[in-house]
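Summary of structural features
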Amino acid sequence: MPSDALPPRSHNGGPPLDEDDPHASWRHWNWKRAHKKAWKTPPREIALRRLARAEELGMSYREYALEIMERGRYL
């Protein structure tokens, strides 16, 4: 492999980020990663408990989970 085909020394091996593309920004990448982690499906028992509590409060599961994430405590 020719040396000019290799990425620069500090390159992490990921795809190139186009500066003109607003979706390729570091902040957007971090937001997407945190969003995915926050909405990761919890274990079955926890999901069922949250669903039951959400129904008691007249909320959807998604609304109840969002309240937990925003407030950092259970309703």
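This text gives an overview of the structure that appears in the document. (Residues numbered from 1 in each chain as written. Predicted model: local features only at pLDDT ≥ 70, side-chain atom pairs only at ≥ 80, totals over all residues. Heavy atoms only, no water.)

**Focus on the overall build of the protein chain**
In plain terms, the rule: Secondary structure elements follow DSSP: runs of H or I of four or more residues count as helices, runs of E of two or more count as strands, with numbering from the N terminus. Note on classification: 1.4 Å probe, protein chains only; a residue is buried when its accessible area is under 20% of the maximum for its type, exposed when over 50%, partly exposed between these limits. We call two residues in contact whenever any of their non-hydrogen atoms come within 4.5 Å of each other. Here, Shrake-Rupley sampling with a 1.4 Å probe gives the accessible areas, and only protein chains in the shown set may cover a residue.
When helices and strands are tallied, the protein chain shows three helices and zero strands. Ordered by position from the N terminus, the helices and strands of the protein chain form the series α-α-α. Each of the 75 residues in the protein chain was classed as buried or not, and the buried ones make up 12%. Pairs at least 24 residues apart make up 17% of the contacts formed inside the protein chain by residues separated by at least 6 positions. Here the protein chain has roughly 7100 Å² of accessible surface; of this, 54% comes from carbon and sulfur atoms.

**Some details on the packing of helix α2 (residues 44-57) against helix α3 (residues 61-71)**
What counts, and what does not: Under this scheme, a helix contributes an axis fitted over its contacting stretch, all axes are lines through C-alpha atoms, and angles between N-to-C directions fall in the 0 to 180 degree range. Here roughly perpendicular refers to angles of 65 to 115 degrees, roughly parallel to angles under 35, roughly antiparallel to angles over 145, and oblique to all remaining angles. Any residue that is not Ala, Val, Leu, Ile, Met, Phe, Trp, Tyr, Cys, Pro, Asp, Glu, Lys or Arg is counted as polar, Gly included; the first ten are nonpolar and the last four charged.
Axis separation between α2 and α3 bottoms out at 9 Å; the angle between their running directions is 100°. What the angle tells us is that α2 and α3 run roughly perpendicular. Contacts between α2 and α3 involve A47, R50, L51, R53, A54 and L57 from the first element and Y61, Y64 and I68 from the second. A breakdown of the residues in the contact of α2 with α3 according to their chemical character gives seven nonpolar, no polar and two charged.

**Overview of the pattern of salt bridges**
Operational definition: Whenever a carboxyl oxygen of Asp or Glu lies within 4 Å of a side-chain nitrogen of Lys or Arg, that contact is scored as a salt bridge.
Taken as a whole, this structure holds two salt bridges when the rule is applied. The salt bridge involving E56 is made with R53; its shortest N-O contact spans 3.0 Å. Here the residue E56 and the residue R53 both occupy positions in helix α2, the gap between them amounting to three residues, near one helical turn. With relative accessibility at 29%, the residue R53 sits in the partly exposed group. Among the ionic pairs, E67 bridges to R71, the shortest N-O distance being 2.5 Å. Of this pair, E67 and R71 are both found in helix α3, four residues apart, which corresponds to roughly one turn of the helix. The class of E67 is buried, set by a relative accessible area of 18%.

**Points about the side chain of R50**
Rules: As used throughout, the charge tally considers Lys and Arg to be positive and Asp and Glu to be negative, leaving His and the chain termini uncounted.
Locating R50 in the fold gives a position in helix α2. In this structure R50 is buried but unpaired, with E45 as the nearest side chain of opposite charge at 11 Å. Those residues in contact with R50 that lie beyond four places of it in its chain are P42, Y61, Y64, I68 and Y74.

**Digging into the packing of aromatic side chains**
Stated precisely, the cut-off is as follows: Two rings from Phe, Tyr or Trp (for Trp, the six-membered ring) form a pair when their centres are within 6.5 Å of each other. A pair whose planes differ by under 30 degrees is stacked, one over 60 is edge-to-face, and the rest are tilted. Note on criteria: charge over ring means Lys NZ or Arg CZ within 6 Å of the ring centre, with the direction from the centre no more than 35 degrees off the ring normal.
Throughout the structure, instances matching the rule amount to zero aromatic pairs. Above the plane of the ring of W39 lies R62, whose end atom (NZ or CZ) is 4.1 Å from the centre.

**Here's the deal with the side chain of E67**
Applicable threshold: For the purposes of these results, a polar contact is taken to be a pair of N or O atoms within 3.5 Å, where, inside protein, one atom must be able to donate a hydrogen and its partner to accept one; residues adjacent in sequence count only when each atom of the pair is a side-chain atom.
A polar atom in the side chain of E67 sits 2.5 Å from the side chain of R71. Sequence-distant contacts of E67, that is, excluding residues within four places in its chain, are made with M59, G72, R73 and L75.

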